[in-house]
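# Notes for the structure review
One letter stands for each residue in the lines below.
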Amino acid sequence: MDKTSSFSIQKGKPIRCKAALCRKAGEALVMEEIQVDPPQAYEVRIKIICTSLCHTDVTFWKLDSGPLARFPRILGHESVGLVESIGEHVDGFKQGDVVLPVFHPNCEECKDCKSSKSNWCARYANDSISNTRRYGMASRFKDSTGEDIHHFLFVSSFSEYTVVDIAHLVKISPDIPVQKAALLSCGVSTGVGAAWKVANVEEGSTVAVFGLGAVGLAVAEGARLRGAAKIIGVDLNPDKFELGKKFGFTDFVNPTLCGEKKVSEVIKEMTGGGVDYSFECVGLPSILSEAFISTRTGSGKTVMLGMGKHAAPISLGSFDLLSGRTICGSLFGGLKSKLDIPVLVDHYLKKELNLDSFITHELKFQEINKAFELLEEGKSLRCIIWMDK
Ligand code: NAD
Ligand code: ZN
């Protein structure tokens, strides 16, 4: 990695800037002037260029109970920015670098970060409660009364400036347009990674994707690039079917038009016994069970990506499992951000990976609440929210 020891560390002063605060569950975000403290050791302060809205932001925006429901809070975790200043012991980043903050950590030093078996950083990934990675509940944000504001997923991109730990930060090539790069900081990487790294979809295989948001469409894009023969999309919203064709879907199932049959029965009929791989990209336990029994006995594999409220328990038929199917879940599509995001950027620059069709809307920062409406109404895939416009 490019060392920056010659770069003089900016001691840094607090910055005053605009942020969209979530003050109460489910209520419109409020644009406020906040203070962003300088980065501490192993942290970087970033000027966000643009951010987008992922369904996980919507889930946490609505969450009104339990230890993860915290207010006031700055949501947002899919974004791209420029390094404004760095704290002590920060190697590999310097002022002006184009960077992607990523919600899933990659410390590069723990046993699991060094192993190719998983992307579960043993040092950090089990803590989803803290505000800052190395400093517990300490926050880098204050409102105008001096009250601490909570971070979100160690990113908090709905702010003109944010502070991110280096375990959550990836330097990327400035050649990729920033709005396309932002998509790689969560949803698209999660879907493509799930197809490539978690399921390892191979040429000629059959795939079913439940939920055609950006995550589900990105699974199809990953499966298409691997040469899957049949990619079946399942969604309640028929508008997603036309869009889905751009990402390699070959067939569609609308659960409301299946009559007496279950979606899994329809998929088994379409594929002569079930798909090789299925992906749950909604976040509902009932859909996960359908996705699971849509796969072939003996070898079918199901990957769960959807994130529901309150980590609800799931129920699977024991004989469906005994008959040789496997199921697993994954955060960030099994990708190690520092290693794999630059690879995805390369695929985009070589015109292999389709990122363009994910961007359905572009908004100004002041219009951020409209992005929530569009996603909830099923009208958008990804809205790019420009901080400077
Ligand atoms: P989205 O809102 O854009 O898409 C969800 C899709 O599911 C929509 O097209 C909707 O019509 C469809 N849907 C809803 N209910 C359905 C049902 N009963 N049957 C069939 N389709 C249904 O969301 P997104 O941003 O693509 O995110 C999808 C899920 O992935 C969310 O739960 C999100 O929290 C999760 N997520 C997980 C990770 C991860 O690392 N595992 C990363 C990003 C997002
Ligand atoms: Zn996300």
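Preceding this paragraph is the structure being described.
Residues numbered from 1 in each chain as written. Chains lettered and ligands numbered in written order. Predicted model: local features only at pLDDT ≥ 70, side-chain atom pairs only at ≥ 80, totals over all residues. Heavy atoms only, no water.

### Some remarks on the coordination of the zinc ion (ligand 2)
Coordination of the zinc ion (ligand 2) by the protein comes from Cys54 (SG), His77 (NE2) and Cys186 (SG), over a distance range of 1.9 to 2.4 Å. Read in sequence order, the donor residues for the zinc ion (ligand 2) give the motif C-x22-H-x108-C. Placement of the pair is cysteine 54 in the loop between strand S3 (43-52) and helix H1 (55-62) and cysteine 186 in the loop between helix H3 (178-183) and helix H4 (187-198), with a sequence separation of 132 residues. (Donors = N, O, S within 2.8 Å, 3.2 Å for Na, K, Ca; no water. Helix = DSSP H or I, 4+ residues; strand = E, 2+ residues; numbered from the N terminus.)

### Re the environment of histidine 361
Positionally, histidine 361 belongs in strand S16 (residues 359-364). Sequence separation between histidine 361 and leucine 374 is 13 residues, and the spatial gap between their C-alpha atoms is 8.9 Å. In contact with histidine 361, other than residues within four places in its own chain, are Leu374, Lys379, Ser380, Arg382, Cys383 and Ile384. A polar contact is formed between the side chain of histidine 361 and the side chain of threonine 360, at a distance of 2.9 Å. (Contact = heavy atoms within 4.5 Å. Polar contact = N/O pair within 3.5 Å; in protein donor to acceptor, adjacent residues only side chain to side chain.)

### What to know about the pairing of strand S14 (residues 301-304)
Bridge count between strand S13 (residues 277-280) and S14: four bridges; the pairing is parallel. Bridge pairing links serine 278 to threonine 302 in S14. Of the crossover connections in this fold, the one passing from S13 over helix H8 (residues 285-293) to the parallel S14 is right-handed. Across four bridges, the pairing between S14 and strand S15 (residues 326-329) is parallel. Bridge pairing in S15 places lysine 301 opposite threonine 326. (Pairing = 2+ DSSP bridges. Right-handed = clockwise from strand over helix to strand, strands pointing away.)

### Some details on the pattern of salt bridges
By the definition in use, this model includes 24 salt bridges. The partner of lysine 47 in a salt bridge is aspartate 388, with the nearest N and O atoms 3.6 Å apart. Taken together, the residues span a long stretch of sequence, with lysine 47 in strand S3 and aspartate 388 in the segment after strand S17 (382-386) at a distance of 341 residues. For lysine 47, a relative accessible area of 26% translates into the label partly exposed. Taking the relative accessible area as the measure of exposure, aspartate 388 reaches 63% and is therefore exposed. (Salt bridge = Lys/Arg side-chain N within 4 Å of Asp/Glu carboxyl O. Buried < 20%, exposed > 50% of the residue type's maximum accessible area, 1.4 Å probe, protein only.)

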